[in-house]
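# Understanding the architecture of this molecule
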Amino acid sequence: MTAASVGALARRIYESKGSCITLVSLARAGISIGILLKRYMESRFCCDVAHYAISIIRGKGIDRNALNDIIASRSSSSIQFVDGWTGKGAIQRELRQALVQYPEIDNRLAVLSDPANATTLYGTKRDFLIPSSCLNSTVSGLISRTFQRDDIIGPNDYHGAAFYSDLIDSDLTYGFIEEVERKFDSSDIVDEGPIVVSSGVSEVESIAKRFGVRDINLIKPGIGEATRVLLRRVPWRMLVDSLDDEACLGQIYQLAKEKDVPVEVYPLNNYRACGIIREMADS
């Protein structure tokens, strides 16, 4: 599924941008995806593809120093921002806001999986587990969440990022990339998923209302986000579209069982799973 989605997304980007493409991955989830897209397009379309990674932080915006440096060496019209998936579509909205001052740059986000229905550049609308959504830095070049702090980052510096050098022996980045790349030859047909006209954020808002959650950031939609919240925290409950989907949801069933988290079948439209974190005041 990952290889097929890379191929489908690469074709959409190529049709949109032509033979000169500048992929700008959003760190960290977009990094390995950008490398896969670059390899696919260079081998299939023989086009000029440059690849960069850049920081964008919810509430703080994009790394403008880094973006300006990219623009200085590459055509603005060739730039295509890349991420792994859409959850609630928050990063797509953040990107649009960040690029208001750069009207010449395409503000659409290209993703492998778009269950939030937030972009027209996607591999599939289907919600599936992308390894980089739960394996984090070890399939993203050991790069972790980026940050911007005025006390250590100057006005002319790039945003900072944590680098997990202690995990070098556990780094799976190129193993992941090369395994997906080996599947490219059989990835010409992708299941684009169901036609969904509603937005993911509207479904999340509906879930929040149904379960009395005041902050939608406590709702983690999508298989990847739901799996990650089970690995990192103990959510209040898990919503799934089926209790009989071991192929796609098996890890959620198992992790929820291990952590004694209730799993409930819920009529999800955009997603296959959704985690809900208990508000601190309710703990």
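Shown above is the structure to which this text applies.
Residues numbered from 1 in each chain as written. Predicted model: local features only at pLDDT ≥ 70, side-chain atom pairs only at ≥ 80, totals over all residues. Heavy atoms only, no water.

One open sheet holds the 4 strands; their spatial order is β10-β13-β11-β12, and the pairing between them is mixed. Every interior strand has two partners, whereas the edge strands, β10 (219-221) and β12 (263-265), have only one. Between one strand and the next, the sheet's axes are offset by a mean angle of 20°, whatever the strand orientation. Across the face of the sheet, helix α6 (residues 200-211) comes into contact with β10, β11 (237-240), β12 and β13 (273-276) while running at roughly 140° to β10. Against the sheet, helix α7 (residues 223-232) makes contact with β10, β11 and β13, and its axis sits at roughly 40° relative to β13, the strand it touches most. (Pairing = 2+ DSSP bridges. Helix = DSSP H or I, 4+ residues; strand = E, 2+ residues; numbered from the N terminus. Axes fitted to C-alpha atoms, helices over the stretch in contact; angles between N-to-C directions. Contact = heavy atoms within 4.5 Å.)

Moving on, we come to the nonpolar core. Ranked by size, the top nonpolar core spans 30 residues in total, and within it I13, L23, L37 and M41 carry the most contacts. Sorting the residues of this core by element identifies α1 (2-17), β1 (20-26), α2 (30-45), β5 (79-85), β6 (109-113) and α5 (173-181) as the ones contributing at least two each. Excluding residues within four positions of it along the chain, I13 makes contact with G18, I21, L23, L37, M41, Q80, A110 and L121. The next biggest cluster of nonpolar side chains, apart from the first, holds 29 residues, and it includes M238, L239, I252 and Y271. (Core = buried A, V, L, I, M, F, W, Y, C linked by side-chain atoms within 4.5 Å. Buried < 20%, exposed > 50% of the residue type's maximum accessible area, 1.4 Å probe, protein only.)

Looking now at the sheet that holds β1. Read from one edge of the open sheet, 5 strands run β2-β1-β5-β6-β7, paired in parallel fashion. Either end of the sheet is taken by a strand with one partner, and the two such strands are β2 (48-54) and β7 (121-124). The average angle at which neighbouring strand axes cross in this sheet is 25°, direction not considered. Relative to β2, β1 runs parallel, the two being bridged by 7 bridges.

For the rest of this paragraph, the subject is the packing of aromatic side chains. Inspection of the entire model under this criterion finds 5 aromatic pairs. Relative to F45, the ring of Y40 has its centre 6.1 Å away and its plane inclined at 70°; by these criteria the two rings are edge-to-face. Where F211 meets Y266, the ring centres are 5.8 Å apart and the plane angle is 45°; that geometry is what we call tilted. Within this pair, whereas F211 is found in helix α6, its partner Y266 is found in the loop between β12 and β13, the two being separated by 55 residues in sequence. Given the relative accessible area of 11%, F211 is considered buried. These aromatic residues form a ring-pair network of at least three members: Y14, Y40, F45 and F184. A cation sits over an aromatic face here: R12 above Y122, 4.1 Å from the ring centre. (Phe/Tyr/Trp six-rings, centres within 6.5 Å; stacked < 30°, edge-to-face > 60°. Lys NZ or Arg CZ within 6 Å of the ring centre and 35° of its normal.)

Relative orientation of the contacting elements α2 and α5 amounts to 35°, with a least axis distance of 10 Å. Remark: the crossing between α2 and α5 carries right-handed chirality. On α5, the residues that touch S32, I35, L36 and R39 of α2 are Y174, F176, I177, E178, V180 and E181. In terms of residue class, the contact of α2 with α5 is made up of 6 nonpolar, 1 polar and 3 charged. (Left-handed = near helix turned anticlockwise from the far one by under 90°. Nonpolar A, V, L, I, M, F, W, Y, C, P; charged D, E, K, R; others polar.)

Phi is mostly negative for residues that are not glycine, and the peptide bonds are mostly trans. Residue R28 is bonded to the preceding A27 through a cis peptide linkage, with omega at 5°. Among the secondary structure elements, R28 is positioned in the loop between β1 and α2. A positive phi angle, near 55°, is found at N117, a position not held by glycine. Looking at the secondary structure, you find N117 in the loop between β6 and β7. In this structure, D260 takes a positive phi of about 60° despite not being glycine. Locating D260 in the fold gives a position in the loop between α8 (246-258) and β12. The exposed category is assigned to D260, whose relative accessible area is 68%.

Here we take up the packing of α1 against α2. α2 packs onto α1 with a crossing angle of 70° between their chain directions and a minimal axis gap of 9 Å. Classified by the angle between their axes, α1 and α2 sit roughly perpendicular to one another. Of the two elements, α1 crosses α2, and the hand of that crossing is right-handed. Across from V6, G7, L9, A10, R11, I13 and Y14 in α1, the residues of α2 making contact are L36, L37, Y40, M41 and F45. Across the contact of α1 with α2, the residue classes tally to 10 nonpolar, 1 polar and 1 charged. (Parallel < 35°, antiparallel > 145°, perpendicular 65-115°, else oblique.)

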